[in-house]
Amino acid sequence: MAANIAHDIRNPLGSIELFASLLERDLKKNESGQKLTRSIIKGVRTINSIISNILLFTKEIQIEKSEHHVADIVDDVILYMQHLMRDKNIKFINKIDEEHLISCDMELFKQVVMNIVHNAIDAVGTEGKIVMESFSEEKISGFKVTDNGTGIGTDMRKKLFIPFQTTKAKGTGLGLAIVYKIIKAHEGNITVDSDGCSFTSFTIELPIKG
Ligand SMILES: Nc1ncnc2c1ncn2[C@@H]1O[C@H](COP(=O)(O)OP(=O)(O)O)[C@@H](O)[C@H]1O
Ligand SMILES: [Mg+2]
């Protein structure tokens, strides 16, 4: 049921995004026109991400694991979110090792990276910076996302992964609950580190198969 509704909403959204992209290309010499079309694309992508979260929240997660380069997942997500980053003039520092592999469901992990990066984008102000790095140890492999935003206070840190917990006026509080659900389905782990005022760092660890 939810999947059908989501599908019905996604189809026209796909057309809106495509037409807005074509319009943006046509408006090369019209700075303000381009800005408006970018806003349409940004809005559509945000709606799409919310729909994905609602869908993932309502259904049981089925994972199809295979080996993927962390760098490929991150590149895809960053490309998709470039409008949001550009809007806020965010410096994205990619320290992901091109060689690092993780065993995961690629589509679900894109949603993980998207939700975490989206929160980082929301949290930073001027001089915003988001750093992504990967690591690999004997039995685990993973990545870390750090931002120099508002930080997360102690109270919020305790309930971060509980659904519908949000401090944002227009937040759903579903992003991190989904992230948690996906990571647990992969038998992985997520930890958060923050001083509550100037940085937040999420670390995701996944078991290496074998
Ligand atoms: N990088 C971050 N910096 C500051 N606060 C964060 C960050 N990531 C998450 N949060 C906090 O966690 C809350 C829950 O996040 P999330 O589950 O994604 O829901 P939403 O983004 O809809 O609020 C946010 O409202 C915010 O208070
Ligand atoms: Mg969020």
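Now for a description of the structure that goes with this document. Since this is a predicted model, take the numbers as computed values, not measurements. (Residues numbered from 1 in each chain as written. Chains lettered and ligands numbered in written order. Predicted model: local features only at pLDDT ≥ 70, side-chain atom pairs only at ≥ 80, totals over all residues. Heavy atoms only, no water.)

This brings us to the site of ligand 1. Surrounding ligand 1, one finds 21 residues, the nearest of these being Asn119, Asp147, Thr166, Thr167 and Lys168. At 2.5 Å, a side-chain N or O of threonine 166 approaches an oxygen atom of ligand 1. In this structure, leucine 176 approaches ligand 1 through a main-chain N or O atom, which is 2.9 Å from an oxygen atom. Given that more than half its atoms are within 2 Å of the pocket grid, ligand 1 belongs to the largest pocket. (Near = heavy atom within 4 Å. Polar contact = N/O pair within 3.5 Å; in protein donor to acceptor, adjacent residues only side chain to side chain. 1 Å grid on protein atoms, 1.4 Å probe; cavity = no way out; pocket = protein on both sides within 12 Å on 5 of 7 lines; lining within 4 Å. Sits in = over half its atoms within 2 Å of the grid points.)

This part is about the pattern of salt bridges. Here the structure, examined in full by the defined rule, presents six salt bridges. With a shortest N-O distance of 3.3 Å, lysine 110 and glutamate 107 are connected by a salt bridge. Taken as a pair, lysine 110 and glutamate 107 lie in helix 5 (residues 106–123) at a separation of three residues, close to a single helical turn. Three or more residues are tied together by salt bridges with common partners; here these are Asp76, Glu107 and Lys110. (Salt bridge = Lys/Arg side-chain N within 4 Å of Asp/Glu carboxyl O. Helix = DSSP H or I, 4+ residues; strand = E, 2+ residues; numbered from the N terminus.)

Moving on, we get to helix 7 (residues 175–185). Count 3.6 residues to each turn of an α-helix, and residues three or four apart come out pointing the same way. Listed as buried for helix 7 are Gly175, Leu176, Ala177, Ile178, Val179, Ile182 and Ile183. Looking at the packing, one finds that the buried side of helix 7 touches helix 2 (31–58), helix 5, strand 6 (189–194) and strand 7 (200–207). (Buried < 20%, exposed > 50% of the residue type's maximum accessible area, 1.4 Å probe, protein only. Contact = heavy atoms within 4.5 Å.)

Glancing now at the packing of aromatic side chains. Here the structure, examined in full by the defined rule, presents three aromatic pairs. When the ring of phenylalanine 57 is compared with that of phenylalanine 164, the centres are 5.4 Å apart and the planes differ by 75°; the resulting orientation is edge-to-face. Residue phenylalanine 57 is found in helix 2, and its partner phenylalanine 164 is found in the loop between helix 6 (154–158) and helix 7; the two are separated by 107 residues along the sequence. You can call phenylalanine 164 exposed: its relative accessible area is 54%. Looking at arginine 45, its charged tip hangs above the ring of tyrosine 80, at a distance of 4.5 Å from the centre. (Phe/Tyr/Trp six-rings, centres within 6.5 Å; stacked < 30°, edge-to-face > 60°. Lys NZ or Arg CZ within 6 Å of the ring centre and 35° of its normal.)

Now for the sheet that holds strand 5 (residues 140–147). To summarise the sheet geometry, strands pair through backbone hydrogen bonds and adopt either a parallel or an antiparallel arrangement. In spatial order, the strands read 2-4-5-7-6; together these five strands make up an open sheet with mixed pairing. Edge positions in the open sheet fall to strand 2 (91–95) and strand 6, since each of these has one partner strand only. On average, each strand axis in the sheet is tilted by 15° relative to the strand beside it, whichever way the strands run. As defined by bridge partners, strand 5 adjoins strand 7 across eight bridges and the pair is classed as antiparallel. From the neighbouring strand, threonine 146 faces strand 7, where its bridge partner is serine 201. Each of strand 4 (129–136), strand 5, strand 6 and strand 7 is contacted by helix 5, which is oriented at about 20° to strand 5, the strand it contacts most. In the packing of helix 7 onto the sheet, contacts are made with strand 6 and strand 7, and the angle to strand 6 comes to roughly 140°. (Pairing = 2+ DSSP bridges. Axes fitted to C-alpha atoms, helices over the stretch in contact; angles between N-to-C directions.)

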